[in-house]
Amino acid sequence: MADQYDAVVVGAGATGGWAAKQLTEAGLRVLLLEAGSDIPLSEFASAPAMPGLASRQHIQRTLRRSYSATTRNLFVDDVSNPYTTPPERPFFWIRGQQVGGRSLMWNGMTIRFSDYEFKPSRFDGYGPDWPIKYSDIAGYYDLVETFLRVHGSYENLPQAPDGRFITPIPFTEGEECVKQLVESRWSDRRVVAARGVRRIQPLGSGDEWPSFTAQGSTLEAARRTGRLTVRANALASRIELDPRGHRARRVIAIDKMAGGSEFAVETKFVILCASTIETTRLLLNSEIGNGSVLGRFLMDHVNCYISGVAPALAGKPLQGGLAGSVGGFIPNFRHGDSRPRGFIRGYQVKIVVQRALGESRNFRMEECPFFFSACGEMLPREYNRVSVDARTQDAYGVPIPHIDCKMSANEERLAVDALEFMSEIADGGGFVVREEGPLNALGLMVHEVGTARMGADPETSVVNHLNQCWEVPNVFVTDGSCFVTSGWQNPTLTMMALTVRACDFIGRRLKPDDWLGA
Ligand SMILES: Cc1cc2nc3c(=O)[nH]c(=O)nc-3n(C[C@H](O)[C@H](O)[C@H](O)COP(=O)(O)OP(=O)(O)OC[C@H]3O[C@@H](n4cnc5c(N)ncnc54)[C@H](O)[C@@H]3O)c2cc1C
């Protein structure tokens, strides 16, 4: 006999935690399947020495800004978790496989999308648009921000809508200087306080899970309902449909601690929160959505940066670290710019001055470091694709993803523009640039989205405006795979808000019994 639950959520990371919270609070009995282990707080706070792990992380360790001896246990072992790419087009797929997923490593920056991202064709004629508009999701952004306690300042900018903020973290003197410089030189640009949750450094130094992790926020709330069961080391391998192929009936998973044996769970709803590429792998392996554009339109973000020192501020005390809601950012200003530039869409620039920048940056304590980093939109292209080949499998016999993705000339030109702009700010402030990072390799922004996109037409999308699979409406895809455009904003807040919205729909407007026996 298979176990029975009202809903099975696949993936216990940043979005899976929200699905678990929303559904259990609505009264559903939820099973959360997580491929990785349930690490204790002590392992999060201080990484155990895992002999040989670093040598098995040839992809993870390329994420210089966050991968270190103290965090490496949160990143996957690349040898045991294979995927393929064309040799000439690498994609650096950065993953966390444990309860909490990458919520244990994320920097916590949260910026809302606006209708410039949901309805881009209205502004530059280039589609597709999302089937939802900003006002459809605004209330769910409110809910997520309130629960997570997002810092930010009220600015009334149409391209970066204000949220439900608690007080912003103050600028340093150096950041204040950049704000004055930028706003006096360019009337269309603003330096605003970073938006996001507060991260503590070093990771997890207290005796409770910090609130930026799923364990310290959403999962804790879901557990309090008494209706959540978490099953770790359980890799969902496929979804089985009813005989007519209209409804998901069971989720089949592999128990990694029991020699890779399979088990089945019966359910009324399946919510896929396994992260963009894993969710698409599961859909492909389940042959759901195959007739559509499933796997196509993979996107990451364009990233380039400059860093160095600000001689005029040498000797000033450094305040806090780089991660989280510190410093400022310049919201995209290219959306209203009709001058021909050889690219469409735009980017944000993160501004951090006079803060400790982490072990990988090259400065002495008496110097005043700065770091400017651009995060820009990547356009959806049909040829950027995730696929599976039944002949190439992981250790459990599950076909692995093949990722074939490249930047286009639009992204390259956008990166050139962003680097020029950041260099102009540095020149204007008398800053000395020591390191310049041109266009990043794909994957390294860790903002992968697309491949099971939303839409108004089943021919050109995988899920509808409520994240329901067109073909199998009791399967919901709510992580980044449902994204239609990548925007210039860090994506996780939008993934979370979409997850809450879809689960709110399940919990409040659908009666689970409607699906029984269908
Ligand atoms: C260093 C770093 C900094 C970042 N900073 C930011 C930031 O500031 N702002 C921002 O917006 N984003 C940031 N991100 C990205 C952010 O972490 C991700 O967008 C977010 O975690 C995605 O949420 P998710 O739930 O889709 O996936 P994850 O959080 O990765 O969780 C997915 C979970 O699903 C599990 N899983 C996968 N497949 C299966 C399966 N078949 N069966 C069972 N379980 C499965 C995985 O093991 C994992 O635990 C950052 C990422 C990193 C690594």
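Scroll up to find the structure this text is about.
Residues numbered from 1 in each chain as written. Predicted model: local features only at pLDDT ≥ 70, side-chain atom pairs only at ≥ 80, totals over all residues. Heavy atoms only, no water.

1. Brief notes about the overall build of the protein
Across its full length, the protein carries 10 helices and 17 strands. Against the 2.2 N^0.38 benchmark of 24 Å for 518 residues, the protein shows a C-alpha radius of gyration of 22 Å, consistent with a compact globule. Across its three principal directions, the C-alpha atoms of the protein cover 70 × 55 × 45 Å. Residue pairs at least 24 apart in sequence account for 72% of intrachain contacts in the protein once pairs closer than 6 positions are excluded. A total accessible area of about 19,800 Å² is found for the protein, and carbon and sulfur atoms account for 49% of it. Here the protein holds 56 positive side-chain charges and 59 negative ones, and the gap between their average locations is 1 Å. (Helix = DSSP H or I, 4+ residues; strand = E, 2+ residues; numbered from the N terminus. Rg over C-alpha atoms; globule rule 2.2 N^0.38 Å. Contact = heavy atoms within 4.5 Å. Areas by Shrake-Rupley, 256 points an atom, 1.4 Å probe, with all protein chains shown as cover. Lys, Arg positive; Asp, Glu negative; His and termini not counted. Charge placed at Lys NZ, Arg CZ, Asp CG, Glu CD.)

2. Notes on the state of the cysteines
By definition, a disulfide is the covalent link that joins the sulfur atoms of two cysteine residues. Scanning the entire structure with this criterion turns up zero disulfides. Cysteine Cys-273 remains unbridged, with the sulfur of Cys-503 as its closest cysteine sulfur at 6.5 Å. Take Cys-469: it sits in no disulfide, and the sulfur closest to it among the cysteines is that of Cys-482, at 11 Å. In this structure Cys-469 comes out as buried when scored by relative accessible area, which is 3%. (Disulfide = S-S within 2.5 Å. Buried < 20%, exposed > 50% of the residue type's maximum accessible area, 1.4 Å probe, protein only.)

3. Description of unusual backbone geometry
A cis geometry characterises the amide bond from Gly-127 onward to Pro-128, with omega recorded as 0°. Its location among the elements puts Pro-128 in the loop between α4 (121-124) and α5 (134-148). You will see that Asn-156, though not glycine, has its phi angle at about 60°, which is positive. With respect to the secondary-structure elements, Asn-156 resides in the loop between β3 (150-151) and β4 (165-166). On the basis of relative accessibility, which here comes to 70%, the residue Asn-156 falls in the exposed class. With a phi angle near 55°, Val-446 is a residue other than glycine that sits in the positive phi range. On the secondary structure map, Val-446 appears in the loop between β16 (432-437) and β17 (475-477).

4. Observations regarding the sheet that holds strand β12 (residues 347-353)
Taking strand neighbours across the sheet as the criterion, the six strands line up as β5-β11-β12-β13-β10-β16 in an open arrangement whose pairing is antiparallel. Since the sheet does not close on itself, it has two edges, and those belong to β5 (192-193) and β16, each with one partner. As judged from the seven bridges shared by β12 and strand β13 (residues 369-376), these two strands associate in the antiparallel manner. Residue Ile-351 lies in a different strand from β13, and its bridge partner there is Phe-372. Strand contacts of helix α6 (residues 173-185): β11 (328-330), β12 and β13, with the helix running at about 140° to β12, the strand carrying the most contacts. (Pairing = 2+ DSSP bridges. Axes fitted to C-alpha atoms, helices over the stretch in contact; angles between N-to-C directions.)

5. A few points about the site of the ligand
The local shell around the ligand holds 36 residues, among which Thr-15, Glu-34, Arg-102, Met-109 and Thr-492 are the closest. Across the complex, the protein chains shield 97% of the 990 Å² of accessible surface that the ligand would expose by itself. Looking at the shell around the ligand, the elements with two or more residues in it are α1 (14-25), β7 (234-241) and α10 (492-509). Considering every element that reaches the shell around the ligand, the biggest residue donor is β7, with three residues. Taken together, the residues that form the shell around the ligand break down as 17 nonpolar, 15 polar and four charged. (Near = heavy atom within 4 Å. Nonpolar A, V, L, I, M, F, W, Y, C, P; charged D, E, K, R; others polar.)

6. What to know about the nonpolar core
Judged by nonpolar contacts, the single largest core of 117 residues is most densely connected at Phe-372 and Ile-425. Broken down by element, the residue count for this core peaks at eight residues, all from helix α9 (residues 409-429). Residues Ala-19, Cys-273, Leu-466 and Ala-502 belong to the second largest nonpolar core, which totals 23 residues. (Core = buried A, V, L, I, M, F, W, Y, C linked by side-chain atoms within 4.5 Å.)

7. Some thoughts on helix α8 (residues 276-285)
Among the 10 residues in α8, 10 count as buried, and that is most of the element. Within α8, the full set of buried residues consists of Thr-276, Ile-277, Glu-278, Thr-279, Thr-280, Arg-281, Leu-282, Leu-283, Leu-284 and Asn-285. Elements that come into contact with the buried residues of α8 comprise β1 (3-10), β7, β9 (261-272), β14 (385-393), β15 (399-404) and β17. Directly after α8, the chain includes Glu-287, whose backbone phi takes a positive value near 55°.

8. Considering the environment of Val-251
Take Val-251: it is sitting in strand β8 (residues 248-255). What makes Val-251 buried here is its relative accessible area of 0%. Residues Val-251 and Tyr-83, 168 residues apart in the sequence, show an inter-C-alpha distance of 23 Å.

9. Thoughts on the packing of aromatic side chains
To describe a pair of aromatic rings, you give the distance between the ring centres and the angle between the ring planes. According to the stated counting rule, one finds 21 aromatic pairs in the structure shown. Stacked on the ring of Phe-147, the Lys or Arg Lys-21 has its end atom at 4.6 Å from the ring centre. Geometry around Phe-297 places Arg-453 over its ring, the cationic atom sitting 3.8 Å from the centre. (Phe/Tyr/Trp six-rings, centres within 6.5 Å; stacked < 30°, edge-to-face > 60°. Lys NZ or Arg CZ within 6 Å of the ring centre and 35° of its normal.)

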